[in-house]
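Now for the letters of each chain:
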Amino acid sequence: MNSAPLIRRRTGSLLGLAAWLCGIAFFLPVAWMVLTSFHSETDAATNPPSIVAGLSLHGYREFFGAGTGVSPWPPLINSLTASVVSTLLVLALAVPAAYALSIKPVRKWSDVMFFFLSTKMLPLVAGLLPVYLVAQNSGMLDSIWLLVILYTSMNLPIAVWMMRSFLSEVPGEIMEAASIDGAGLHTTLTRIVAPIAMPGIAATALISFIFSWNELLFARVLAGVVAGTAPVFLTGFVTSQGLFLAKLCAAATVISLPVLIAGFAAQDKLVQGLSLGAVK
């Protein structure tokens, strides 16, 4: 009796169970954070925590300044501005660069790609002091446009690497036909390459947006007051007066929403894009 199909079914079932367990393990902390955000500070501070405690919006009212009068909207708008603008700049620079490396004949393109990726190997803290001095001398400290420039430069290498993998899947015959028809580079990129590689572009944009939105170190040191971002605002809830879990969880939930909404809206494109870049 051939037992291979049975073994494959059992292996598939075990892998499926493992995937579900991993998904639940990743989801539980987020669910617990959201649940704690709806508790009062007294119920949130109990040990062990109470799951069936009464629900309250006190943490969200405190986050939106009901008790302190401090509005979270300026940091949220700063984060949204820096993330969206830097992501658009990354795409505007990464798509032509990846097009040149994947479609046009470039000698030693693998060395070029390794050079791009090697820039991500430098620890952020190692470049913090030089960037601070340059920003201070140029008068750009506490400026949202400084963060836009930094986030663009930080995300561009990984975006070029990803887009090169995506664009290499675009059939070369289509570009040749467009060239014969008289299409220029701009027309080829916008009307031919971009629609075909849209899943990859969406995946790259989403990852760049997430990296920009979550960045804390440079935003904390270089733009802490006027141009402070949402992660910097979130750290302000951990004070010497104590750790208010309900308010902190409410703040973390609200600040996580843009990333969750963007990921949910682009989930189909993200899966297609990652699959497109992985399958040769």
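Residues numbered from 1 in each chain as written. Predicted model: local features only at pLDDT ≥ 70, side-chain atom pairs only at ≥ 80, totals over all residues. Heavy atoms only, no water.

## Overview of the UniProt feature "transmembrane region" (unreviewed entry) in the protein
Move 1: The sites that carry the UniProt feature "transmembrane region" (unreviewed entry) are, in the present numbering, residues 12–35, 80–101, 113–132, 144–167, 188–211, 217–237 and 244–266.
Move 2: Between the end C-alpha atoms of residues 12–35 the distance is 33 Å, and the span holds 100% helix and 0% strand.
Move 3: Structurally, residues 80–101 comprises 100% helix and 0% strand, and the distance from its first C-alpha atom to its last is 31 Å. (UniProt positions renumbered as here; feature names shortened; annotations may be inferred. Helix = DSSP H or I, 4+ residues; strand = E, 2+ residues; numbered from the N terminus.)

## Digging into the domain arrangement of the protein
Move 1: Taken domain by domain, the protein consists of domain 1 (3–63) and domain 2 (73–236).
Move 2: Put simply, the middle of domain 1 and the middle of domain 2, counted by C-alpha atoms, are 33 Å apart. (Domains from an automatic or database assignment.)

## Remarks on the packing of helix H4 (residues 73–102) against helix H10 (residues 198–214)
Move 1: Look at H4 against H10: their axes get within 9 Å of each other, and the N-to-C directions meet at 140 degrees. Seen along the crossing, H4 lies across H10 with a hand that is right-handed. Two secondary-structure elements touch here, H4 through Leu-76, Ser-79, Leu-80, Ser-83, Val-84, Ser-86, Thr-87, Val-90 and Leu-91 and H10 through Ile-201, Thr-204, Ala-205, Ser-208, Phe-209, Ser-212 and Trp-213.
Move 2: In the contact of H4 with H10, the residues fall into 9 nonpolar, 7 polar and no charged. (Axes fitted to C-alpha atoms, helices over the stretch in contact; angles between N-to-C directions. Left-handed = near helix turned anticlockwise from the far one by under 90°. Contact = heavy atoms within 4.5 Å. Nonpolar A, V, L, I, M, F, W, Y, C, P; charged D, E, K, R; others polar.)

## With respect to unusual backbone geometry
As a rule of thumb, non-glycine residues mostly have phi less than zero, and peptide bonds are mostly trans rather than cis.
Move 1: With a phi close to 55 degrees, Asp-142 is a non-glycine residue in the positive phi region.
Move 2: Within the element layout of this structure, Asp-142 appears in the loop between helix H6 (128–137) and helix H7 (144–167).

## A look at the nonpolar core
Move 1: With 25 residues, the main nonpolar core has Tyr-99, Met-163, Leu-167, Met-175 and Val-193 as its most contacted residues.
Move 2: Listing elements by their share of this core, those giving two or more residues are H4, H7, helix H8 (172–180), helix H9 (185–196) and H10.
Move 3: Ranked by the residues each element gives to this core, the list is headed by H4, at 7 residues.
Move 4: Setting aside residues no more than four positions away along its own chain, Val-193 makes contact with Tyr-99, Leu-167, Met-175 and Thr-188. (Core = buried A, V, L, I, M, F, W, Y, C linked by side-chain atoms within 4.5 Å. Buried < 20%, exposed > 50% of the residue type's maximum accessible area, 1.4 Å probe, protein only.)

## A short note on helix H13 (residues 245–265)
Move 1: Over its 21 residues, H13 extends 29 Å from the first C-alpha to the last, a length consistent with the 30 Å expected when each residue adds 1.5 Å.
Move 2: The sharpest bend along H13 comes to roughly 35 degrees, located at Leu-257, with the proline Pro-258 sitting one to four residues further on.
Move 3: Listed as buried for H13 are Ala-246, Lys-247, Leu-248, Cys-249, Ala-250, Ala-251, Ala-252, Thr-253, Val-254, Ile-255 and Val-259. (Expected span 1.5 Å × (residues − 1). Bend = angle between axes of the 7 residues up to and from the residue.)

## Examining the environment of Glu-176
Move 1: Locating Glu-176 in the fold gives a position in helix H8.
Move 2: Among the residues examined, Glu-176 registers a relative accessible area of 53% and is labelled exposed.
Move 3: Each C-alpha atom, one on Glu-176 and one on Thr-188, is 9.9 Å from the other, the two residues being 12 residues apart in sequence.

## A look at the packing of aromatic side chains
Move 1: Counted by the stated rule, this structure contains 7 aromatic pairs.
Move 2: An angle of 40 degrees between the planes, with centres 5.0 Å apart, marks the rings of Phe-38 and Tyr-60 as tilted. With Phe-38 in the loop between helix H1 (4–37) and helix H2 (41–44) and Tyr-60 in helix H3 (residues 58–63), this pair connects stretches of sequence that are 22 residues apart.
Move 3: Feature note: the residues Phe-63, Phe-64, Trp-73, Phe-233 and Phe-237 constitute an aromatic cluster, connected by ring pairs.
Move 4: Here Lys-247 stacks its cationic end above the ring of Phe-244, 5.1 Å away from the centre of that ring. (Phe/Tyr/Trp six-rings, centres within 6.5 Å; stacked < 30°, edge-to-face > 60°. Lys NZ or Arg CZ within 6 Å of the ring centre and 35° of its normal.)

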